[in-house]
Amino acid sequence: MDAASAARDRVDRALALLERRLLELKSRAAGASRVPDDDLFAPQPSSETDRARIHELEAAGRDAARALERAAGAIREALAEQEAR
């Protein structure tokens, strides 16, 4: 296996691990947000400011995921170009 193939494999493994961890975090967050309506002690955002901050953090997470996806694509393209030479 040449260096370009090894690098691509490492990038693929790292991205797969990252995706798996993101899915785990999402599933934990989704499970935590499912609170029965009759639970008077369930944590709720205390203010509109908290809700806005949560929304900002979720948007930032989506932006970061898209940026990582673009970076991985660029790395794959560069490796494919190098391999073609």
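Residues numbered from 1 in each chain as written. Predicted model: local features only at pLDDT ≥ 70, side-chain atom pairs only at ≥ 80, totals over all residues. Heavy atoms only, no water.

An account of the overall build of the chain is requested, with residue identities and associated values reported.
When you go through the chain residue by residue, the secondary structure sums to two helices and zero strands. Summed over its atoms, the accessible surface of the chain is roughly 7,100 Å², and 56% of this surface lies on carbon and sulfur atoms. (Helix = DSSP H or I, 4+ residues; strand = E, 2+ residues; numbered from the N terminus. Areas by Shrake-Rupley, 256 points an atom, 1.4 Å probe, with all protein chains shown as cover.)

Could you give an account of the environment of Ala-6, naming the residues involved and the relevant values?
With respect to the helices and strands, Ala-6 occurs in helix 1 (residues 3-33). Assessed through its relative accessible area of 21%, Ala-6 is described here as partly exposed. Residues Ala-6 and Leu-79, spaced 73 residues apart in sequence, show a C-alpha to C-alpha distance of 9.9 Å. (Buried < 20%, exposed > 50% of the residue type's maximum accessible area, 1.4 Å probe, protein only.)

Give a detailed account of the layout of surface pockets, specifying residues and quantitative values.
What the largest pocket holds in volume is close to 500 Å³. Forming the boundary of the largest pocket are 20 residues, of which Leu-22, Lys-26, Gly-61, Arg-62 and Ala-65 lie nearest the centre. Elements that contribute at least two residues to the lining of the largest pocket include exactly helix 1 and helix 2 (48-84). Taken together, the residues that form the lining of the largest pocket break down as eleven nonpolar, one polar and eight charged. (1 Å grid on protein atoms, 1.4 Å probe; cavity = no way out; pocket = protein on both sides within 12 Å on 5 of 7 lines; lining within 4 Å. Points joined across faces, edges and corners; volume = space filled by probe spheres on them. Nonpolar A, V, L, I, M, F, W, Y, C, P; charged D, E, K, R; others polar.)

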